[in-house]
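# Architecture and fold: a report
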Amino acid sequence: MNLENNTFYKLWWGGDTFGDRLSVAIVVQILSDNGIKCALDMPPIHRLVDVPKASDPQFEGLTGISHRMNRTKQRDPTFNIHTDLIHHFIKSRNLPFEIEDINLTLDHVPVIYHEIDKIIGVDVAIASQTGNWTPYKAWPYFKELKHLFNQNNISYIDLSENEIKNFEFLNYVKKSKIYLGLDSGTSHYASKFIKHKGFIIQGGFTTFEYWGSLYNYQKIESPVSCSPCYKRKGCEYSHACMVNISPQHVYEVIKQALINYDKS
């Protein structure tokens, strides 16, 4: 499907959120798998992902066409974040095909993984924090949930509070029985290692079907009529989408998941 043999597209995201950057990495790989010459042009995450990069020798001598990835269809339920980015790419470059012509070839971020022998997994690896884009992705009861874990001898590590990142983060996710996170960049990053053991506490800022549909997570949510809101401030409902998800409910979901894990 590549249209210009002497060129390639250098794809990048103009914002600074970790999750958006990782989403571009997925798009680069999907487009490459579909025969479109493209590369990631975001050096801050190059060492974390195994996708074609603008500095790779395969692109030497070719003309790079810089393209800023963007989203325009987040309110359209037929799109997810990755098809949205691909749709924007196709339309803005006036390419002669449609999003339906692209096969979605991944269900995770193609991360680079390095084994760290000294890291031992726990029952639950938690990512309890999101970036500062909006407070409405946050869940207010992690302290209470940890208390329930302590009472019931469930081991855990809060990767966010302990500032565990990159390869160390992936080792804990891979080696632990359960991953519990939020709609955040770290949950995109963890996606390769969460089949049958990944859970997201999902708020109403966006829909799980938009940001997480390619992944294998299970969502824990309290559905609200005002979702998705895409608000960064001014919630009229006191953050009900997250406040209404009780720590006891999350504990019961994780407890059952641990039972299922031990039976498997």
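Residues numbered from 1 in each chain as written. Predicted model: local features only at pLDDT ≥ 70, side-chain atom pairs only at ≥ 80, totals over all residues. Heavy atoms only, no water.

### Description of the overall build of the chain
Stated formally: By definition, any uninterrupted DSSP run of H or I lasting at least four residues is a helix, any uninterrupted run of E lasting at least two residues is a strand, and each is numbered from the N terminus. Only protein chains enter the accessibility calculation, which uses a 1.4 Å probe; a residue is then buried when its area is under 20% of its type maximum, exposed when over 50%, and partly exposed in between. Throughout, a residue-residue contact means that at least one pair of heavy atoms, one from each residue, lies within 4.5 Å.
Check the secondary structure of the chain and you find 8 helices and 8 strands. In terms of overall dimensions, the chain has a C-alpha envelope of 65 × 50 × 30 Å along the principal axes. When the 264 residues of the chain are sorted by exposure, 50% land in the buried category. Summarising the internal contacts of the chain: among those between residues at least 6 apart in sequence, 68% fall at separations of at least 24.

### Here we look at the sheet that holds strand β1 (residues 7-13)
In plain terms, the rule: Only strands that DSSP links by at least two bridges are regarded as paired with each other. Convention adopted: a line fitted to C-alpha atoms gives each axis, helices being fitted over their contacting stretch, and angles between N-to-C directions are expressed from 0 to 180 degrees.
In space, the 3 strands of this open sheet follow the order β2-β1-β3, with parallel pairing throughout. Of all the strands in the sheet, the pair left with one neighbour each is β2 (38-40) and β3 (63-69). Averaged over all pairs of adjacent strands, the angle between strand axes in this sheet comes to 30°, irrespective of strand direction. The pairing of β1 with β3 spans 7 bridges and is classified as parallel. Opposite Trp13, over in β3, you have Met69 as the bridge partner. In this fold helix α2 (residues 81-92) packs onto β1 and β3, with an angle of close to 125° to the strand it touches most, β3.

### Thoughts on the side chain of His67
Considering the arrangement of structural elements, one finds His67 in strand β3. Contacts of His67, omitting those with residues within four sequence positions, involve Lys10, Leu11, Trp12, His88, Phe89, Ser92 and Arg93.

### Points about the pairing of strand β7 (residues 198-202)
Of all 5 residues in β7, 5 are buried, a share of seventy percent or more. Burial of the side chains of β7 extends over both faces: Gly198, Ile200 and Gln202 are buried on one face and Phe199 and Ile201 on the other. Pairing geometry for strand β6 (residues 178-182) and β7, over 4 bridges, is parallel. In the strand pairing of β7, Tyr179 is matched with Gly198.

### A short note on the environment of Pro52
Note on placement: Pro52 falls in the loop between β2 and β3. If near-sequence neighbours (up to four positions away) are discounted, Pro52 is found in contact with Val28, Gln29, Ser32, Cys38, Ala39, Leu40, Gln58 and Phe59.

### Things to note about the environment of Met242
Checked against the element boundaries, Met242 lands in helix α7 (residues 240-243). Taking the C-alpha atoms as reference points, Met242 and Phe205, 37 residues apart in sequence, are found 9.9 Å from one another. Residues in contact with Met242, not counting those within four places in the same chain, are Tyr136, Lys137, Ala138, Trp139, Pro140, Tyr141, Leu182, Ile201, Gln202 and Gly203.

### A few points about the packing of helix α1 (residues 18-33) against α2
What counts, and what does not: Orientation categories follow fixed angle ranges, with anything under 35 degrees roughly parallel, anything over 145 roughly antiparallel, 65 to 115 roughly perpendicular, and all other angles oblique. Crossing chirality is assigned from the near helix's rotation relative to the far helix, an anticlockwise turn below a right angle marking it left-handed and a clockwise turn marking it right-handed. Under the grouping applied here, Gly and all other residues not named as nonpolar or charged are polar, the nonpolar ones being Ala, Val, Leu, Ile, Met, Phe, Trp, Tyr, Cys and Pro and the charged ones Asp, Glu, Lys and Arg.
Interaxial distance between α1 and α2 falls to 10 Å at its minimum, and their mutual angle equals 65°. What the angle tells us is that α1 and α2 run roughly perpendicular. Crossing of α1 against α2: the hand is right-handed. Taking contact as the criterion, the partners of Asp20, Ser23, Val24, Ile26, Val27, Ile30 and Leu31 in α1 are, on α2, Ile81, His82, Leu85, Ile86 and Phe89. Looking at the contact of α1 with α2 residue by residue, the classes come out as 9 nonpolar, 2 polar and 1 charged.

### Details of the nonpolar core
The cut-off we apply is this: Each nonpolar core is a collection of buried residues, namely Ala, Val, Leu, Ile, Met, Phe, Trp, Tyr and Cys, held together in the definition by side-chain atoms within 4.5 Å.
Leu11, Leu31, Leu40, Phe89, Phe169 and Tyr179 are the most contacted members of the largest nonpolar core, which totals 59 residues. The set of elements that each furnish at least two residues to this core consists of β1, α1, β2, β3, α2, α4 (166-175), α5 (185-190) and α6 (208-211). The residues touching Leu31, leaving out its near neighbours within four places in the chain, are Leu11, Ile36, Cys38, Ile86, Phe89 and Ile102. Val124, Phe142, Ile201 and Ile254 belong to the second largest nonpolar core, which has 22 residues in total.

### Overview of the sheet that holds β6
Pairing in this open sheet of 5 strands is parallel, and the strands run β5-β4-β6-β7-β8 from one edge to the other. For this open sheet the edge positions go to β5 (156-158) and β8 (218-221), each flanked by a neighbour on one side alone. Between one strand axis and the next, the sheet turns by 20° as a mean value, whatever way the strands run. Most of the contacts of helix α8 (residues 247-263) go to β6, to which it runs at about 150°, and overall it touches β4 (124-126), β6, β7 and β8.

### Some details on the pattern of salt bridges
Filter applied, for reference: Only one rule defines a salt bridge in this text: a Lys or Arg side-chain nitrogen within 4 Å of an Asp or Glu carboxyl oxygen.
Per the counting criterion, the structure on display carries 12 salt bridges. Notably, a salt bridge pairs Lys175 with Glu115, separated by 3.0 Å at the nearest N-O pair. You can see Lys175 sitting in helix α4 and its partner Glu115 sitting in the loop between α2 and β4, a full 60 residues away along the chain. A cluster of three or more residues bridged by salt bridges with shared partners is formed by Asp123, Lys177 and Asp262.

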